[in-house]
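So you can see what is in the structure, the chains are spelled out below.
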Protein chains: 2
Amino acid sequence: MKLAIVLIGYGNVARRFVTLLDESRDAFRARGVEPVIAGVATGRHGRVFEVAGLDTARVDPALAAGDAGEPASVPFLASALDRLRIEADHVFKARVVIETTPLDVRLGQPAIAHVRAAFAGGAHVITANKGPVAIAYRALAAEARAAGVSFLFEGAVMDGVPVFNLVRETLPGCTVTGFRGVVNSTTNFLITAMERGEPFAPALKRMQDAGVAEADPSLDVDGWDAAAKGAALANVLLDADVTPQMVEREGISAETASRAVATLKDGRRLKLVASGQGRGAGARVRVALEDLPADDPLAIVDGQANALEIDTWPMGRLVITQRDGGMEKTAYALVTDLLTVARRLRNGSAE
Amino acid sequence: MKLAIVLIGYGNVARRFVTLLDESRDAFRARGVEPVIAGVATGRHGRVFEVAGLDTARVDPALAAGDAGEPASVPFLASALDRLRIEADHVFKARVVIETTPLDVRLGQPAIAHVRAAFAGGAHVITANKGPVAIAYRALAAEARAAGVSFLFEGAVMDGVPVFNLVRETLPGCTVTGFRGVVNSTTNFLITAMERGEPFAPALKRMQDAGVAEADPSLDVDGWDAAAKGAALANVLLDADVTPQMVEREGISAETASRAVATLKDGRRLKLVASGQGRGAGARVRVALEDLPADDPLAIVDGQANALEIDTWPMGRLVITQRDGGMEKTAYALVTDLLTVARRLRNGSAE
């Protein structure tokens with residue numbers, strides 16, 4: 001089956017996704033799936049669209065030659081999906097929007113608008129942006145069900161490591177009653193550097209120079225990224241209905257250094273932990289600095305590694321640890337979500 | 001859909017499975033699946049069978065009153081599946097054999113004979129016995145495909161923790177290039193006790209008294225159980241075709257004590273690690289004592305906890321850790337495999 005793909009956001013993750021599609025062609029061919037990139041929209045470098053599919057090698061020059069006066073992303077998306085439906089409904093089994101714009105932790109925009117425009121155009125949505133699931137999961141999941149399309153977001157937390165898929169696909173009938181995770185790499189790098197005696201400011205500068213931390217690091221160091229991931233995990237795994245603003249939140253600062261050193265001296269490790277307890281309206285989500293025993297599975301996570309522990313009935317506590325992080329893993333999450341869309345289409349069911 | 005279930009082996013895991021089916025009734029009902037226990041065969045306490053389904057509360061007294069002269073398990077299974085097919089084909093969507101007999105690490109019998117008798121009777125097979133997958137996976141998988149039935153075994157390694165399902169269901173298109181795991185609890189308990197200065201023999205006796213170690217502990221302490229799990233993992237995840245006998249194998253003994261103490265003194269941990277590298281005919285599987293850095297995800301695994309690291313393209317190294325082990329978890333693996341059989345039947349595909 002041919003799937004028409006429209007990419008909203010064309011940064012490193014989306015670009016790696018395009019090459020990974022090609023490297024994963026055996027997996028797609030074995031499942032009889034042929035993804036076709038029909039449209040690409042960027043925030044500042046224009047948009048390109050071809051009903052018949054783009055030559056992906058020519059997307060970059062086409063974007064470079066693009067007209068800055070082109071319409072904003074929501075009208076572009078609506079029009080692209082319309083044209084695909086009207087002109088190519090016989091060619092494509094389905095339309096899939098892949099959303100990889102940057103996180104807006106306050107309102108989740110324009111990502112949420114993109115998701116809704118996709119649903120309105122009858123398209124499945126795959127996003128690596130944690131905004132929609134952290135801020136509006138319950139509403140968006142209901143809208144996807146009503147539109148008869150999939151809403152998938154494995155890349156939103158812990159890159160491509162199966163977190164949402166782990167529970168949905170491999171733990172049927174299991175109830176998640178809580179979670180705790182080290183899910184933000186920048187703060188984890190910084191705390192580890194401070195444990196070793198490096199002060200906050202130069203450690204942060206070193207990470208910004210290496211491209212690990214953003215020029216404006218507040219999203220990470222103030223705990224907002226972890227709060228968004230905690231909200232996303234709580235909304236999906238604990239059936240909560242919270243936003244990042246509702247998460248009890250702590251960040252790190254220059255003052256964290258002495259605590260990190262003292263904790264390490266004590267044979268323990270200081271970590272910024274996102275956690276959730278309880279279910280539904282009773283779920284309580286927080287991001288806090290915690291002193292962990294050295295043999296805690298979250299304590300051993302360093303560098304770009306992440307780890308998430310889920311507490312379940314009847315399986316008890318399970319931990320999934322990502323030892324090698326990075327952008328390519330997020331791109332892989334988009335691939336797995338695309339294969340899930342294809343599987344559901346083939347089976348004619350939400351499974 | 002109604003599924004007719006025949007249990008071969010009726011020890012603690014199978015008994016817990018029966019009660020867990022009842023506790024998981026919401027998960028089954030949501031999927032429109034109704035499992036019916038039609039037969040139970042034990043090694044020494046007879047067999048019971050009713051085409052219309054057994055009253056599970058009465059299985060124990062029925063077995064206690066059973067006739068020791070009843071036929072052996074393979075003829076019982078063949079006859080039970082025949083009767084279900086002939087007399088109740090209109091009632092049941094499918095027949096499922098759940099095999100939980102003890103491991104025979106040399107020949108995998110009678111488990112392999114049970115699996116083949118089930119295939120011959122057109123039944124799907126779910127087993128928590130690692131023998132069939134460790135000894136004859138490639139042949140049995142081909143026979144299952146030919147018979148158009150499922151062959152599932154999530155409970156064979158790390159109780160119910162998704163290991164095989166993790167790769168099959170959540171990492172599509174991912175290639176596993178290696179694994180290493182702490183997968184045997186008895187040796188892990190013993191090494192930890194020896195690290196703390198307890199000699200081998202009393203530590204083993206203490207574990208036998210607690211019911212953790214078997215009366216004949218050689219399967220565990222000589223590394224055979226870990227070798228069987230290593231072979232099972234290699235056969236499924238690395239496309240190998242090995243048996244436990246082909247695994248390079250090391251066990252633990254009284255002599256391990258001094259090494260465990262010295263390793264801990266050195267800030268490291270001694271663990272019995274099952275590992276595999278390479279794929280297909282090039283896969284190499286071993287069980288060996290390894291000195292691990294204290295922050296290795298396998299080093300922090302104590303007590304009944306287990307952990308498995310898989311090395312993959314493109315996701316790098318992922319670790320799944322089971323913090324709470326036990327028999328109930330293996331029973332849950334049987335439940336998840338049964339839900340997988342039901343999903344495949346509903347979708348009319350192997351997905």
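Look up: the structure comes first, before these words.
Quick look at the structure, then.

Parameters at a glance
- Residues numbered from 1 in each chain as written.
- Chains lettered and ligands numbered in written order.
- Predicted model: local features only at pLDDT ≥ 70, side-chain atom pairs only at ≥ 80, totals over all residues.
- Heavy atoms only, no water.
- Contact = heavy atoms within 4.5 Å.
- Buried area = accessible area lost by both parts, 1.4 Å probe.
- Salt bridge = Lys/Arg side-chain N within 4 Å of Asp/Glu carboxyl O.
- Helix = DSSP H or I, 4+ residues; strand = E, 2+ residues; numbered from the N terminus.
- Nonpolar A, V, L, I, M, F, W, Y, C, P; charged D, E, K, R; others polar.
- Pairing = 2+ DSSP bridges.
- Least-squares fit on C-alpha atoms with pLDDT ≥ 70 in both.
- Phe/Tyr/Trp six-rings, centres within 6.5 Å; stacked < 30°, edge-to-face > 60°.
- Buried < 20%, exposed > 50% of the residue type's maximum accessible area, 1.4 Å probe, protein only.
- Lys NZ or Arg CZ within 6 Å of the ring centre and 35° of its normal.

Brief notes about the interface of chain A and chain B
- Contacts between the two partners involve 45 residues from chain A and, on the opposite side, 44 residues from chain B.
- Roughly 4,000 Å² of surface becomes buried between chain A and chain B when both sides are summed, with 57% attributable to carbon and sulfur atoms.
- Across the chain A-chain B interface, the total number found is four salt bridges.
- We note a salt bridge from R323 of chain A to E309 of chain B, for which the minimum N-O separation is 2.7 Å.
- Listed by contribution, the elements that provide at least two residues to the side of chain A that touches chain B are helix 1 (12-23), helix 7 (164-170), strand 11 (306-313), strand 12 (316-322) and helix 13 (327-347) of chain A.
- Here the element with the most residues in the side of chain A that touches chain B is helix 13 of chain A; it accounts for eight residues.
- A per-class count over the side of chain A that touches chain B returns 19 nonpolar, 11 polar and 15 charged.

Some thoughts on the sheet that holds strand 4 (residues 94-99) of chain A
- Here six strands make up an open sheet; going across it, the order is 3-2-1-4-5-6 (chain A) and the pairing mixed. Edge positions in the sheet fall to strand 3 (47-49) and strand 6 (151-152) of chain A, since each has one partner strand and no second.

Topic: the relation of the copies chain A and chain B
- Screw-axis analysis of chain A against chain B gives a translation of 0.0 Å along the axis, an RMSD of 0.0 Å, and a rotation angle of 180°. These values place the two chain copies in the arrangement generated by a two-fold rotation axis. In terms of C-alpha distance to the rotation axis, chain A has I320 of chain A as its closest residue, with the C-alpha 2.3 Å off the axis.
- Interface overlap between copies: 98% of the residues of chain A at the interface are likewise at the interface in chain B, consistent with a symmetric, same-surface contact.

Brief notes about the packing of aromatic side chains
- This model, assessed by the stated rule, comprises 10 aromatic pairs over all chains.
- Here F119 of chain A and F151 of chain A contribute two aromatic rings whose centre-to-centre distance is 6.0 Å and whose plane-to-plane angle is 90°, an arrangement assigned as edge-to-face. Note that F119 of chain A is positioned in helix 5 (residues 111-120) and F151 of chain A in strand 6, a separation of 32 residues in sequence.
- Here F119 of chain A falls in the buried class, since its relative accessible area comes to 7%.
- Relative accessible area serves as the criterion here: at 9%, F151 of chain A is assigned to the buried category.
- Here Y137 of chain B and F153 of chain B contribute two aromatic rings whose centre-to-centre distance is 5.7 Å and whose plane-to-plane angle is 85°, an arrangement assigned as edge-to-face. With Y137 of chain B in helix 6 (residues 130-147) and F153 of chain B in the loop between strand 6 (151-152) and helix 7 (164-170), the pair connects residues that are 16 residues apart, well separated along the chain.
- Given a relative accessible area of 6%, F153 of chain B falls into the buried group.
- Through pairs of rings, three or more aromatic residues link up here, namely F119, Y137, F151, F153 and F164 of chain A.
- Positioned above the aromatic ring of W224 of chain A, the side-chain terminus of R249 of chain A is 3.8 Å from the ring centre.

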